[in-house]
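# Fold and geometry: a report
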Amino acid sequence: MRAIRFLCLAATLAVAATPAFAEWYVVMGSFPQGSPEVDDQLYMIANQCDLAAERGEGFDLVGMNPDVTLVFLGPYPSKARAKKALPAARRCVPDAFVKSATPRPAGDH
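Residues numbered from 1 in each chain as written. Predicted model: local features only at pLDDT ≥ 70, side-chain atom pairs only at ≥ 80, totals over all residues. Heavy atoms only, no water.

### Structural notes on the overall build of the chain
What counts, and what does not: Helix and strand assignments follow DSSP, with helices taken as H or I runs no shorter than four residues and strands as E runs no shorter than two, numbered in order from the N terminus. Here's how the labels work: a residue is buried when its accessible area is under 20% of the maximum for its type, exposed when over 50%, partly exposed in between, all with a 1.4 Å probe on protein chains only. Any two residues having at least one pair of non-hydrogen atoms within 4.5 Å are treated as being in contact. Under the convention used here, a 1.4 Å probe and the Shrake-Rupley method define accessible areas, while residue burial counts only the protein chains that appear.
Looking only at helices and strands, the chain has 3 helices and 5 strands in total. For the chain, with 109 residues in total, the buried portion stands at 32%. Taking contacts inside the chain between residues at least 6 apart in sequence as the whole, the part at least 24 apart equals 66%. Summed over all atoms, the accessible surface of the chain reaches about 7,200 Å², with 59% contributed by carbon and sulfur.

Written out as C-alpha coordinates, the structure is:
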(Lines give C-alpha, C1' and ligand atoms only; values in the text may rest on other atoms or scores of the structure.)
Protein backbone atom coordinates (compact mmCIF):
# COMPACT_ATOMS: atom_id res chain seq x y z
CA MET A 1 0.00 0.00 0.00
CA ARG A 2 2.85 2.35 0.85
CA ALA A 3 4.43 1.72 -2.56
CA ILE A 4 1.17 2.60 -4.31
CA ARG A 5 0.90 5.89 -2.41
CA PHE A 6 4.50 6.70 -3.30
CA LEU A 7 3.86 5.99 -7.00
CA CYS A 8 0.75 8.19 -6.98
CA LEU A 9 2.68 11.01 -5.32
CA ALA A 10 5.56 10.63 -7.78
CA ALA A 11 3.16 10.71 -10.73
CA THR A 12 1.45 13.82 -9.35
CA LEU A 13 4.76 15.61 -8.89
CA ALA A 14 5.90 14.64 -12.39
CA VAL A 15 2.76 16.14 -13.92
CA ALA A 16 3.08 19.30 -11.81
CA ALA A 17 6.73 19.71 -12.80
CA THR A 18 6.06 19.34 -16.52
CA PRO A 19 6.47 22.76 -18.17
CA ALA A 20 3.70 24.27 -20.26
CA PHE A 21 3.86 23.74 -24.01
CA ALA A 22 6.85 25.68 -25.32
CA GLU A 23 7.45 26.72 -28.89
CA TRP A 24 10.74 27.73 -30.48
CA TYR A 25 11.38 30.91 -32.44
CA VAL A 26 14.19 32.41 -34.50
CA VAL A 27 14.21 36.00 -33.31
CA MET A 28 15.38 38.40 -36.02
CA GLY A 29 14.68 41.67 -34.26
CA SER A 30 13.02 43.29 -31.29
CA PHE A 31 11.85 46.87 -31.24
CA PRO A 32 10.02 49.20 -28.87
CA GLN A 33 6.27 48.74 -29.25
CA GLY A 34 4.87 50.99 -31.97
CA SER A 35 8.24 51.44 -33.68
CA PRO A 36 8.10 51.94 -37.46
CA GLU A 37 11.35 49.95 -37.70
CA VAL A 38 9.33 46.74 -37.39
CA ASP A 39 7.77 47.25 -40.82
CA ASP A 40 11.17 48.15 -42.30
CA GLN A 41 12.68 44.96 -40.85
CA LEU A 42 9.83 42.77 -42.14
CA TYR A 43 10.09 44.35 -45.61
CA MET A 44 13.87 43.83 -45.74
CA ILE A 45 13.64 40.20 -44.60
CA ALA A 46 10.94 39.39 -47.15
CA ASN A 47 12.59 41.13 -50.09
CA GLN A 48 16.30 40.60 -49.51
CA CYS A 49 16.21 37.24 -47.78
CA ASP A 50 13.04 35.60 -49.11
CA LEU A 51 11.97 34.56 -45.61
CA ALA A 52 8.43 34.72 -44.23
CA ALA A 53 9.10 36.52 -40.95
CA GLU A 54 6.23 37.54 -38.72
CA ARG A 55 5.57 40.22 -36.17
CA GLY A 56 4.38 39.53 -32.64
CA GLU A 57 4.12 41.27 -29.32
CA GLY A 58 6.47 40.09 -26.61
CA PHE A 59 3.68 40.14 -24.02
CA ASP A 60 1.89 37.38 -25.97
CA LEU A 61 4.79 34.99 -25.31
CA VAL A 62 5.91 34.04 -21.81
CA GLY A 63 9.70 34.04 -21.91
CA MET A 64 10.04 37.04 -24.23
CA ASN A 65 10.44 40.68 -23.20
CA PRO A 66 6.85 41.93 -22.78
CA ASP A 67 7.76 45.51 -23.75
CA VAL A 68 8.85 44.87 -27.34
CA THR A 69 7.49 43.96 -30.74
CA LEU A 70 9.33 40.98 -32.20
CA VAL A 71 10.22 40.00 -35.75
CA PHE A 72 10.65 36.23 -35.92
CA LEU A 73 10.46 32.98 -37.83
CA GLY A 74 8.36 30.23 -36.35
CA PRO A 75 7.02 28.91 -34.15
CA TYR A 76 8.82 25.60 -34.48
CA PRO A 77 7.88 22.50 -32.48
CA SER A 78 11.45 21.81 -31.35
CA LYS A 79 14.77 23.53 -30.77
CA ALA A 80 16.33 21.34 -33.46
CA ARG A 81 13.83 22.57 -36.07
CA ALA A 82 14.43 26.20 -35.09
CA LYS A 83 18.19 25.70 -35.30
CA LYS A 84 17.78 24.39 -38.86
CA ALA A 85 16.19 27.73 -39.81
CA LEU A 86 18.88 29.78 -38.04
CA PRO A 87 21.56 29.80 -40.80
CA ALA A 88 19.13 31.29 -43.35
CA ALA A 89 18.05 33.89 -40.80
CA ARG A 90 21.67 34.79 -39.97
CA ARG A 91 22.50 35.34 -43.65
CA CYS A 92 20.00 38.18 -43.42
CA VAL A 93 20.31 39.24 -39.77
CA PRO A 94 23.70 38.11 -38.39
CA ASP A 95 22.65 38.36 -34.74
CA ALA A 96 19.44 36.29 -35.11
CA PHE A 97 19.03 33.73 -32.33
CA VAL A 98 16.85 30.83 -31.19
CA LYS A 99 14.63 31.24 -28.13
CA SER A 100 11.81 29.27 -26.58
CA ALA A 101 8.60 30.82 -25.32
CA THR A 102 5.17 29.69 -24.24
CA PRO A 103 2.09 31.27 -25.75
CA ARG A 104 0.27 33.27 -23.08
CA PRO A 105 -3.26 31.99 -22.52
CA ALA A 106 -5.99 34.22 -23.93
CA GLY A 107 -7.23 36.68 -21.34
CA ASP A 108 -4.01 36.41 -19.33
CA HIS A 109 -2.60 39.82 -20.29
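### What to know about the pattern of salt bridges
Note the threshold: Just to be clear on terms, a salt bridge is a Lys or Arg side-chain nitrogen sitting within 4 Å of an Asp or Glu carboxyl oxygen.
Applying the stated criterion to the full structure yields 1 salt bridge. One salt bridge in this structure joins Asp39 and Arg55, with 2.1 Å as the shortest N-O distance. Taken together, the residues Asp39 in helix 2 (residues 37-49) and Arg55 in strand 2 (residues 54-57) connect sequence positions 16 residues apart. Residue classification places Asp39 among the partly exposed residues on the basis of a relative accessible area of 44%.

### Details of the nonpolar core
In plain terms, the rule: Buried residues of nine kinds, namely Ala, Val, Leu, Ile, Met, Phe, Trp, Tyr and Cys, make up a nonpolar core once their side-chain atoms join them within 4.5 Å.
Residues Val26, Met28, Ile45, Val71, Leu73, Val93 and Ala96 are the most contacted members of the largest nonpolar core, which totals 19 residues. For this core, the secondary-structure elements that each account for two or more residues are strand 1 (23-32), helix 2, strand 4 (68-76) and helix 3 (79-92). Counting residues per element, this core draws most heavily on helix 3, which supplies 5 residues. Once residues lying within four places of it in the same chain are set aside, the contact partners of Met28 are Gln41, Ile45, Leu51, Val71, Phe72, Leu73, Ala89, Cys92, Val93 and Ala96. Tyr25, Val27, Val68 and Phe72 belong to the second-largest nonpolar core, a separate cluster that totals 8 residues.

### Here's the deal with the sheet that holds strand 3 (residues 61-62)
Applicable threshold: Between any two strands, at least two bridges found by DSSP are needed for them to pair. Axis definition: a line fit to C-alpha positions, over the contact stretch in the case of helices; interaxial angles, taken between N-to-C directions, run 0 to 180 degrees.
Here 5 strands make up an open sheet; going across it, the order is 2-4-1-5-3 and the pairing antiparallel. The sheet is open, and its two borders are formed by strand 2 and strand 3, each paired with just one other strand. Pairing analysis gives 2 bridges linking strand 3 to strand 5 (residues 97-103), with the strands arranged antiparallel. Of the residues in strand 5, the one forming a bridge with Leu61 is Pro103. Sheet contacts for helix 2: strand 1, strand 2 and strand 4; angle to strand 1, the most-contacted strand, approximately 130 degrees. Lying over the sheet, helix 3 contacts strand 1, strand 4 and strand 5, oriented at roughly 35 degrees with respect to strand 1.

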